[in-house]
Amino acid sequence: MAPPTPISIPLFAQTQQQLLLKEHEVEKASSALASTAASVSASTRRTLQATGYALTGIVLANCRTGMGGRTVGEFTADAALSSSSQKSDTAGEDSDGRPRLGAHGIRVGDVVRVSDIASGAAKKPGKDKDKDKHGGKAAEVKGVEGVVTRVGERSVWVAFGNGGSAARPKDEDEGVEELWGKKLWMIKLANDVTYRRMNQTMEKMEKMSESEYTYFMKVAFGHTSPSTVDLDSVGSIEFIEPSLNDSQKEAIRFALASREIALIHGPPGTGKTHTLIELILQMLRRNLRVLVCGPSNISVDNIVERLAPHKVPIVRIGHPARLLPSVLDHSLEVLTQTSEAAEIVRDVRKEIDEKQASIRKTRNGRERRAIYGDIKELRKEFRERESKCVDNLMRESKVVLATLHGAGGHQLKNQKFDVVIIDEASQALEAQCWIPLLSASKVILAGDHLQLPPTIKSSIEKSATKNPSKAEETKGDADGEGKVLKGISLETTLFDRLLSLHGPGIKRMLTIQYRMHEKINKFPSDELYESKLVAAEPVKARLLKDLPYDVEDTDDTREPLVFWDTQGGDFPEKTENDDIGKKEALLGESKSNEMEALVVARHVGNLVQAGVKPDDIAVVTPYNGQLAVLSNALRERFPGIELGSVDGFQGREKEAVVVSLVRSNEEREVGFLGEKRRLNVAMTRPKRHLCICGDSETISRGSRFLKHWMDFLEENADLRYPDAGDLM
């Protein structure tokens, strides 16, 4: 292979900064509705929730003190609304009478603003006179900003204060206190924290001198080639996990032997995390200190969960996504409360919580202000003590785990690692990856570049513009703000770029998948994975009728692959026109297909009637507009069913998955359905049963890949044609 073409590191960093700035501006624009909270109507709030940007119909249920002395609020569904789920934004009650949250897109790590719904109502004359009752502060009208730390079926937890993008610690307690007893809603904001850390990292990279470049950096930008990998250098390996297959063992050997860089390519269901756990344990045997990162809390927690039983000293930085003991026991938040080092922190935390509780018992303004003053001083002492505790814990840990942007936190500032592992590297922006990599000497990237990359809103906006100006294309900034590199985009991940720079010699692929029936596996394997992806023996023939509970043997439960072909024009798509107007383009695709939703609902109903539990079924669609239609059709009938966007379902799996493709039009336009990585995600989620609903006439014209898929389904699926008249 020819030597790689070197890339200018300062110019690359400069280009990234300009691209990140554009992306951040678009992200802020998509949150623009939040800045005009007073004009947001109930219907707009519901639309924002349906498109994944908000959660409405909630109340503040509980408060406690979290990491850094921050106030953590627990928000639950408003019980007053849950009695009639059709008239509310909640999803009704569980069997124990506790209200559940409605479907929403709020995720761990999101920066959100929580506001009083009533503050958006039209003000009556003279209303402003009451402003001074609360000190006239904007925070009480606009709400309080924070970071989502946990998401459950009944609650969402938000940490307020220094973790948010703009909330000021001095206003934090008063702002949160104002939320008690009010009907609330929360909306996602642009994540300034992540953007700031990426931008700071790129600024630092731009200013680095050549003498500061690590050998890995020189490899990553094509200034030199990776060192030759000598597999014999690792010697004989005694594998800890006996069930590893040959491709997994080969990937581990390769990663251990590589000097600077190794890519582990893990297609769907191939046990990528399983492989990484063994790799980490083998590195610990070699007395290496390891930093493990991922783009999301869930990707990191998944590794913590699997690593914890091996009893190695680990610390999880940041907020765990789930309340599983195996994760919590190793999270920095819990270790600063339960470890021996935590004794110095515990008393102050207790005192802060007692002071917070006492605020709600007094109505005297002077007393309240005095208590807020005490809390402020206690928080300062808390942070100082906690910092000592954290240093002690970090020094003792051999494996540290954090999100990519979390790796830029103060806890890791002076920490040194022998290896940095990034899981789900194909879902992370390259600038995000460099947060932990600027001083790294060896890097392992794990992911699947043939599934969806991170969503880039500025690219969606640009492609929606019919005549983009030439100034935007690649030559440089419209304002003449320095040079930029051609061919660099945010969609190109570090995994992608290294693979194209150095070729497949730096990569090892996992080839046995443990998720899908072989019939579901065949098309993605042949079309995307060079026919190398093989279904493992225990899963290759399993069907819904073989589930470990009572399921009838029906036409649906004995079929692994079903295609409801809606061709003929009786199932047309439509584009929503709602009161959000042009902003809807940024909130998500708004295409829907009500007739196709009826086909989906009929199929789901048949599966459930045959005995398949709703909890084992997922319905996914690429379009948020269709998600809202499907939610109306299915949520009440089958409360346990999982509904989601294809993008949001990446990394997940279910026994049965029904995919609604939506697109059906005379022009044969498929829009972003033409992205084969999106379809790859959709078709590789199920274990035993995949049902596709769509119009083959429209879909097959979208791309060569889609034509091949429609031909494959026609030949290999149980092909069915719905009768529109029969569905009404």
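Below, the structure is looked at part by part. (Residues numbered from 1 in each chain as written. Predicted model: local features only at pLDDT ≥ 70, side-chain atom pairs only at ≥ 80, totals over all residues. Heavy atoms only, no water.)

### Some details on the packing of aromatic side chains
Okay, so step 1: By the definition in use, this model includes seven aromatic pairs.
Okay, so step 2: Measuring from ring centre to ring centre gives 4.9 Å for Phe-12 and Phe-221, while their planes differ by 65°; the resulting arrangement is edge-to-face. Taken together, the positions of Phe-12 in helix α1 (residues 9-30) and Phe-221 in the loop between α8 (215-220) and α9 (246-257) put the pair 209 residues apart, joining distant regions of the chain. For the pair Phe-12 and Phe-221, one class covers both residues: buried.
Okay, so step 3: Consider the rings of Phe-216 and Trp-434, whose centres lie 5.6 Å apart with planes at 40°: the pair is tilted. Here Phe-216, found in helix α8, pairs with Trp-434, found in helix α16 (residues 430-437); they are 218 residues apart in sequence, far enough to count as distant. (Phe/Tyr/Trp six-rings, centres within 6.5 Å; stacked < 30°, edge-to-face > 60°. Helix = DSSP H or I, 4+ residues; strand = E, 2+ residues; numbered from the N terminus. Buried < 20%, exposed > 50% of the residue type's maximum accessible area, 1.4 Å probe, protein only.)

### Digging into the pattern of salt bridges
Okay, so step 1: All chains considered together, the criterion is met by 30 salt bridges.
Okay, so step 2: The closest approach of N and O atoms between Arg-668 and Glu-697, which form a salt bridge, is 3.2 Å. Linking Arg-668 in the loop between β21 (654-660) and α23 (676-683) with Glu-697 in helix α24 (residues 696-699), this pair joins segments that are 29 residues apart in sequence.
Okay, so step 3: Assessed through its relative accessible area of 25%, Arg-668 is described here as partly exposed.
Okay, so step 4: Judged by its relative accessible area of 29%, Glu-697 is partly exposed.
Okay, so step 5: Through salt bridges with shared partners, a single ionic network connects Arg-515, Glu-653, Glu-655, Lys-687 and Arg-688. (Salt bridge = Lys/Arg side-chain N within 4 Å of Asp/Glu carboxyl O.)

### Brief notes about the nonpolar core
Okay, so step 1: Counting 66 residues, the largest nonpolar core has Met-205, Met-217, Phe-221, Ile-422, Trp-434, Leu-437 and Leu-445 as its most contacted members.
Okay, so step 2: Among the elements that make up this core, the one with the highest residue count is helix α15 (residues 365-396) (nine residues).
Okay, so step 3: Ignoring sequence-local partners within four residues, the contact set of Met-217 consists of Ile-9, Met-205, Met-208, Trp-434 and Leu-438.
Okay, so step 4: The next biggest cluster of nonpolar side chains, apart from the first, holds 36 residues, and it includes Leu-528, Tyr-529, Val-620 and Leu-661. (Core = buried A, V, L, I, M, F, W, Y, C linked by side-chain atoms within 4.5 Å. Contact = heavy atoms within 4.5 Å.)

### Brief notes about the pairing of strand β22 (residues 686-694)
Okay, so step 1: The buried fraction of β22 amounts to nine of the nine residues, a majority that puts the element mostly inside the structure.
Okay, so step 2: Bridge count for β21 against β22 is six bridges, and the pairing is parallel. What sits directly across from Val-659, in β22, is Ile-692.
Okay, so step 3: Since β21 and β22 lie parallel, the crossover through α23 that links them has a hand, and here it is right-handed. (Pairing = 2+ DSSP bridges. Right-handed = clockwise from strand over helix to strand, strands pointing away.)

### A look at the pairing of strand β10 (residues 399-403)
Okay, so step 1: With respect to burial, β10 is a largely interior element, five of its five residues being buried.
Okay, so step 2: The side-chain alternation of β10 yields two buried faces, one formed by Val-399, Leu-401 and Thr-403 and the other by Val-400 and Ala-402.
Okay, so step 3: Relative to β10, strand β9 (residues 314-316) runs parallel, the two sharing three bridges. Following the sheet pairing, Val-315 is matched in β10 by Val-400.

### Here's the deal with the environment of Glu-530
Okay, so step 1: Here Glu-530 is to be found in the loop between α19 (518-528) and β15 (534-535).
Okay, so step 2: At 2.9 Å, the side chain of Glu-530 forms a polar contact with the side chain of Lys-532. (Polar contact = N/O pair within 3.5 Å; in protein donor to acceptor, adjacent residues only side chain to side chain.)

Shape descriptors only; they carry no functional weight alone.
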